[in-house]
Amino acid sequence: MAQLPVHVLVGGLDHGVTALAHRLALDLGAPLLRAAGPAELAAAPVPAAVHLHFTDRLFGADPAAAAACAERFGASGRMSVTLHDLPQPSDGRGYAARARAYRRVAAAARLVVLSSDHELQLAFEAGVLRRAPRAGDPAAAVIPLPLQTAAAPAAAPDAPDAPGPEGGPPTIGLFGFAYPGKGYEEVIDAAGAVDAALAVRVLGRAAHGHEDAIAALRQRAAAAGVGFEQRGYIPAERVVAELRQVHVPVVFHQHFSASGSLNSWIAAGRRPLVIDTRYTREMARLRPGTVTLVAPDALPDALAAALREPASTWLAPEGRADPVDAVGAYARALAGLPEPAVPTSVVIPFYDPQPAEDTPHRRRLQDVLAALRADDPSAEVIVVDDGSPRPLACEGVRVLHQEDRGFRAGAARNLGAGAARGDVIVFLDADTVPQPGFIAALTAPVRAGVAEVAVGSRLHPHGRAWAPVGWLADGYTATEDLRAADEASYRFVISALVALPRSLALLAPFDETLVGYGGEDWEAAHRWWQAGARLLHVPGAVAHHAEPDWAGRGGRGDAAALAQKNRETRALAARIPARWARPRGVGFAVPELAVVVRADAPADALIDWTARLLAVLPDAQVRLPAGCAAAFFAADPRVSTAAGAAGWRYRLEVERLFGEPEAVADVMRTLDTAAEAGECGGRWRRAGFTVHGRPAAVLVSARARALEEAAGIGGPLGAEGARGLAVAVAPAEERMDLERAWAGW
């Protein structure tokens with residue numbers, strides 16, 4: 001059994017984070033180090049390998065003290081940490097200090113675990129983690145919180161197990177610590193708006209520092225004509241029973257980043273009403289049918305509906321099985337932590353269609369392995385067999401196997417990266433033979449922090465010499481070996497010979513849904529670029545490929561090869577939101593441009609402005625304020641009042657309408673072709689639109705935003721200001737004549 005790090009527990013088991021840490025450690029069979037508080041923890045010895053469950057409120061009197069307490073456990077270089085209660089703008093004045101503290105803790109760790117993709121986004125937005133990690137940055141993993149282990153009764157009644165005092169009103173249940181901003185106030189107000197007598201039952205006590213919260217809630221309930229009851233702290237052995245003794249369970253905290261109380265309701269067999277947020281939508285996808293999403297302003301109607309249909313608040317026994325194996329995920333993530341890292345791992349995907357023992361594919365692989373041993377004997381080499389009819393066996397290297405489900409080079413690379421111990425990973429094809437000095441040259445810029453993605457030079461036979469493919473050589477020349485890359489330069493990154501930090505390979509892996517030859521490297525390189533990764537071509541990292549490239553093997557002149565290329569192009573169109581990757585006039589689930597309109601403008605002006613924008617940028621999604629304008633576009637899926645899809649390449653935030661929405665398309669083209677080192681590259685791949693000198697809108701690229709987050713700038717879009725494009729535009733017409741504008745008469 002793999003050795004596991006010591007798990008640190010701070011405080012009592014009445015705190016949700018400590019209780020989770022304790023339960024996971026017991027389920028994992030990991031050793032424990034317990035401390036009553038920060039002072040006792042500061043005096044404790046530092047284990048050789050350690051895992052922390054960190055929230056600043058447990059580790060110190062203030063965020064800086066909490067960070068200092070946690071940092072000392074990183075001295076061994078083998079600390080991992082699960083971050084809880086991630087900093088977010090709703091923290092108000094405390095946000096900056098908390099973000100700095102969490103950055104310090106993450107920087108001291110070798111592995112950072114988050115409990116949701118939502119938390120991962122918060123970590124990016126606060127600068128706690130980089131979207132494109134550098135060498136030396138911690139690896140990151142998302143492991144959802146497990147459901148509580150206590151089992152609920154098998155039956156799912158239509159009413160609470162014990163509905164409370166005879167003749168009492170129906171109860172709305174709230175579980176967990178009470179403090180301002182947790183949504184308890186909104187639930188009381190919503191209960192008061194329902195045309196029925198209701199009572200709110202708080203199953204928990206006031207959070208530390210908010211001892212007056214219960215009295216304030218009781219007063220608010222009285223003013224709303226709602227009954228109020230507080231049960232105080234609920235011992236673990238009583239939680240399930242208590243959660244089954246209310247009529248309607250509710251979780252309505254707008255700003256939580258992960259929620260143990262939500263999971264407790266589900267584990268008790270309840271389907272709670274939950275506020276519709278980025279996090280709760282993620283949980284609804286993770287555990288389908290276990291929650292009822294409610295818009296922030298729709299809670300009174302949702303409460304009334306739940307009271308009419310009591311069965312809607314209960315889960316059938318078959319719906320309670322947890323699809324998340326959190327314990328197994330932690331075991332896999334932490335298993336290698338006590339082992340020392342190695343400088344470089346080389347991951348090689350391999351497939352041989354022939355069942356014989358001695359084949360051309362296996363001989364070429366042996367040539368690659370021999371060249372690697374001669375080039376860097378210390379490198380860890382992992383070969384991943386993509387389901388060959390005769391399973392591969394090689395001496396002196398690790399061999400992993402995956403099932404044959406088509407050509408899955410991306411999945412094979414991910415499998416190898418997950419098993420690798422190197423701080424830097426080199427992906428190398430099984431028919432691409434490295435020349436002397438290859439590993440040192442390719443990994444040097446990644447290790448030095450000069451680039452996050454380094455691509456080598458693959459040479460093909462050219463007469464009696466070796467030469468690069470023409471289009472790649474031209475691309476590297478035009479972009480100064482990718483130092484002057486633009487938005488389309490990802491196509492010059494080929495996964496046959498590329499190096500990147502292990503943390504990036506794990507955080508932004510290859511797309512495993514791409515099956516078949518080609519495309520997985522462009523898709524991954526595009527995401528790495530959008531995340532802020534710096535690209536670099538290394539001419540001195542040379543490898544030989546004995547066969548011609550795709551074009552040299554027939555390319556577009558061969559019907560089968562062209563059909564294959566077309567399949568790749570169609571697949572990439574859905575994944576790369578760029579005009580050169582997609583047909584004109586078609587909308588996609590992930591848009592090239594996401595637009596958020598906050599402008600206070602007449603409905604007709606909003607309608608015309610939105611229509612004109614979509615005419616020139618059809619691959620856009622527009623979020624409008626609720627009202628007449630949004631209703632006009634009810635049949636167009638690109639326009640709504642809800643938050644749009646993630647993954648956009650540009651985002652436009654509009655505070656004042658301007659008269660030339662068509663200008664946005666021209667500005668995007670200019671930013672697309674801007675060299676990375678120029679005035680409109682890097683963090684300044686953005687534009688500000690002004691009307692008569694007053695700010696009207698900000699256009700920012702995904703790459704610029706990621707680099708701002710990594711620099712700890714954060715804040716609203718446009719906060720960086722100074723550089724980028726400045727675009728003066730005319731004011732919008734507020735008094736619209738729609739017939740004249742559209743028909744021309």
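Residues numbered from 1 in each chain as written. Predicted model: local features only at pLDDT ≥ 70, side-chain atom pairs only at ≥ 80, totals over all residues. Heavy atoms only, no water.

**Here's the deal with the pattern of salt bridges**
Under the counting rule described, the total for this entry stands at 45 salt bridges. Here glutamate 676 ties to arginine 703 by a salt bridge, and the two come within 2.9 Å at their closest N and O atoms. Within this pair, whereas glutamate 676 is found in the loop between helix H23 (663–672) and strand S26 (686–691), its partner arginine 703 is found in helix H24 (residues 702–710), the two being separated by 27 residues in sequence. In this structure glutamate 676 comes out as buried when scored by relative accessible area, which is 15%. In this structure, a network of salt bridges that share partners links the residues Glu487, Arg579, Glu592, Arg649, Asp672, Glu676, Arg685 and Arg703. (Salt bridge = Lys/Arg side-chain N within 4 Å of Asp/Glu carboxyl O. Helix = DSSP H or I, 4+ residues; strand = E, 2+ residues; numbered from the N terminus. Buried < 20%, exposed > 50% of the residue type's maximum accessible area, 1.4 Å probe, protein only.)

**Brief notes about the sheet that holds strand S1 (residues 6–10)**
Strand order in the open sheet made by the 6 strands is S2-S1-S3-S4-S5-S6, with parallel pairing throughout. Every other strand in the sheet has two partners, leaving strand S2 (32–35) and strand S6 (139–142) as the edge strands with one partner each. In this sheet, neighbouring strand axes are inclined to one another by 20° on average, regardless of whether the strands run parallel or antiparallel. With 3 bridges joining them, S1 and strand S3 (residues 50–54) adopt parallel strand pairing. Along S3, the bridge assignment pairs valine 6 with valine 50. Against the sheet, helix H1 (residues 16–28) touches S1, S2 and S3, its axis set at about 155° to S1. (Pairing = 2+ DSSP bridges. Axes fitted to C-alpha atoms, helices over the stretch in contact; angles between N-to-C directions. Contact = heavy atoms within 4.5 Å.)

**Focus: the packing of aromatic side chains**
A full pass over the atoms with the stated rule returns 15 aromatic pairs. Aromatic pair phenylalanine 510 and tryptophan 528: ring centres 5.7 Å apart, planes at 75°, arrangement edge-to-face. Highlighted residues: phenylalanine 510 in the loop between helix H18 (502–507) and helix H19 (520–530) and tryptophan 528 in helix H19, separated in sequence by 18 residues. Assigned by exposure class, phenylalanine 510 and tryptophan 528 land together as buried. Each member of the aromatic cluster is reached from another via a ring pair, and the members are Trp471, Tyr476, Tyr490, Phe492 and Trp522. A cation over a ring is seen here: lysine 565 above tryptophan 522, with NZ or CZ 5.7 Å from the ring centre. Over the ring of phenylalanine 588 we find arginine 582, and its NZ or CZ is 4.1 Å from the ring centre. (Phe/Tyr/Trp six-rings, centres within 6.5 Å; stacked < 30°, edge-to-face > 60°. Lys NZ or Arg CZ within 6 Å of the ring centre and 35° of its normal.)

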